[in-house]
Amino acid sequence: MDEKSRKSDKRSVISGFLWRFSERIGAQLVTLFVSTYLKYLLGPEQYGTINLVTIFITIANVFVTSGFGNSLIQKKNADAIDFSTVFYFNIAFSFVVYGVLFLSAPLIADLYRDEALIWVLRVLGLRIPIAAVNSVQQAYVSRNMMFRKFFFSTITGTIVSGIVGIVMAHFGFGVWSLVAQYLTNVTVGTVVLFFTVRWRPILAYSWKRLGGLFGYGWKLLLSGLIETGYNELRKIIIGIKWDKTDLSFYTSGNEYPQFLATNINASITSVIFPVISKYQDDREAVKNLTRRSIKVSSYIMCPMMTGFALVATEFFSIFLGKEWTEAVRYCQMACFVYAFWPIHTANLEAIKAVGRSDLYLTLEIIKKIIGVAALIIAMQFSVYAIAFSGMITTLISSFVNAYPNKKLLGYGYLQQIRDMLPGIAYSAVMAAAVIGVGFLPINSVALLFVKIATGGAVYLGVSVITKSESFRYLYTTAIGFLKKRK
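Before going further, it helps to spend a moment on the packing of helix H15 (residues 413–437) against helix H16 (residues 444–465). Where H15 contacts H16, the axes come no closer than 9 Å and their chain directions differ by 145°. Viewed along their axes, H15 and H16 form a crossing whose handedness is right-handed. Note on element contacts: H16 touches H15 through Leu-447, Val-450, Lys-451, Thr-454, Gly-455, Val-458, Tyr-459, Val-462 and Ser-463, opposite Gly-423, Tyr-426, Ser-427, Val-429, Met-430, Ala-433, Val-434 and Val-437.

What follows is the structure, given as structure tokens:
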């Protein structure tokens, strides 16, 4: 990789990351507000109903959103025929998936002993064909680093759907307000991308091209199914063995730290993956990009997860009400899990980008065998035990994901942990300060803001005093980006 290419790709990564991060944060902040307000209006039981349904929608979605999209990004010379082939195949296959879901709805309702789920599931499932179209649009945007387009489509869809959901909830539509919100979100986002991205499918289809893309993509598809099925399995078990309310507490406790973790990681990986794929034959470049991803994302992720765990009690009691405080312990355990996401995602994106989808699949199988074994033991006790088992398997999985890159990139687990240490150490100092101010004799609202202000000030202060490499990197690249925009 020559110096000119390095600088060009650095600018692309920075610009792409900032646009992608702005899009994710902006959209998810709106979503978070809407979700929190709807929980306040509807309560744990109504939200439990939609949680049961989205389990199966999420799994079905994997069939049309995983695999081929990454194949289009990873393929060196993907052209209009490749994109059009995937587009037509995705649409046709999405209707097959929706048909299976439609016919299975009564069985799923029987499983949960709730007949009302049948039409909720069937209507909400209409998002699957729409997501099939959207997945090809997103692959095109990602491949061409057009992340500004994501910003406008996602923000528009999120705001419009949020308004629809809140208005319907106020008029007493209950769970259907959530159904309308989810459908409106994906529909509006897809329509906006259609008008803002110039790509259109051509009248061409190639089974040969599809077969070539499938050779890489099927392993990612299966990996996605394993990952999603495993994640949703916990919810399925809670919904069957316990009840909707317990499921609401569990999912809500997970939702808020996941919001933070997903936005950071999705922003970084959606930008890093196309660039790594471009230089997949230059293993030193791949190693450097992977290492930078771990350093920067862990520097951001560790304080966010630590901080949110420390303010969870105040957050839930203030914004959702005291009936939701049971979710606090789940939230704190989830924060521990998501703090390790940087080391998971960076390693897996590197493995995908160098074309080793076979290895990616193998890792998923190994991790899920371990995870299911832990889940089988935990489900004999309580929902808390299920959440705790996620913490244990996260630690084990971080090592499993990192192991292959010692050979592939010369970047082993211990070196990766060392790259995460500054973020962990600074977060520990921040935690001590936040715990200290927690003893102040003030009301919950004031205490929440004091904790947030203290945590942020201490973390940034320690970063400046110790001349943190990640802090300097983020600061200088952000300033450079802003100067360029002017």
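Now, onward.
What follows deals with the packing of aromatic side chains. The final tally for this structure, using the stated rule, is 18 aromatic pairs. Centre to centre, the rings of Phe-89 and Phe-93 are 5.7 Å apart; their planes meet at 15°, and the pair counts as stacked. Note that Phe-89 and Phe-93 are positioned in helix H3 (residues 80–111) at a spacing of four residues, about one turn of the helix. Relative accessible area serves as the criterion here: at 23%, Phe-89 is assigned to the partly exposed category. We note Arg-122 situated over the ring of Phe-102; from NZ or CZ to the ring centre the distance is 4.0 Å. Over the ring of Trp-119 we find Arg-122; its NZ or CZ atom is 4.9 Å from the centre of that ring.

To continue, consider the environment of Leu-408. Looking at where Leu-408 falls in the secondary structure, it is placed in helix H14 (residues 383–408). Looking at Leu-408, the relative accessible area reads 18%, which means it is buried. As for Leu-408 and Lys-287, which are separated by 121 residues in sequence, their C-alpha atoms are 8.9 Å apart.

Once that is clear, we can look at the side chain of Thr-251. One can find Thr-251 in helix H9 (residues 244–278). A relative accessible area of 10% means that Thr-251 is categorised as buried. When sequence neighbours within four positions are dropped, the list of residues in contact with Thr-251 reads Asn-51 and Lys-235.

Side chains of Trp-119, Ile-159, Ile-163, Val-167, Phe-171, Phe-173 and Trp-176 sit close together on the surface and give an oily, nonpolar patch of about 750 Å² of accessible area. If you trace the backbone, Phe-171 turns up in the loop between helix H6 (147–170) and helix H7 (175–196).

Rules and cut-offs
Residues numbered from 1 in each chain as written. Predicted model: local features only at pLDDT ≥ 70, side-chain atom pairs only at ≥ 80, totals over all residues. Heavy atoms only, no water. Axes fitted to C-alpha atoms, helices over the stretch in contact; angles between N-to-C directions. Helix = DSSP H or I, 4+ residues; strand = E, 2+ residues; numbered from the N terminus. Left-handed = near helix turned anticlockwise from the far one by under 90°. Contact = heavy atoms within 4.5 Å. Phe/Tyr/Trp six-rings, centres within 6.5 Å; stacked < 30°, edge-to-face > 60°. Buried < 20%, exposed > 50% of the residue type's maximum accessible area, 1.4 Å probe, protein only. Lys NZ or Arg CZ within 6 Å of the ring centre and 35° of its normal. Patch = residues over 30% accessible without salt bridge, like charges linked within 9 Å, V, L, I, M, F, W, Y side chains within 5 Å. Areas by Shrake-Rupley, 256 points an atom, 1.4 Å probe, with all protein chains shown as cover. Salt bridge = Lys/Arg side-chain N within 4 Å of Asp/Glu carboxyl O.

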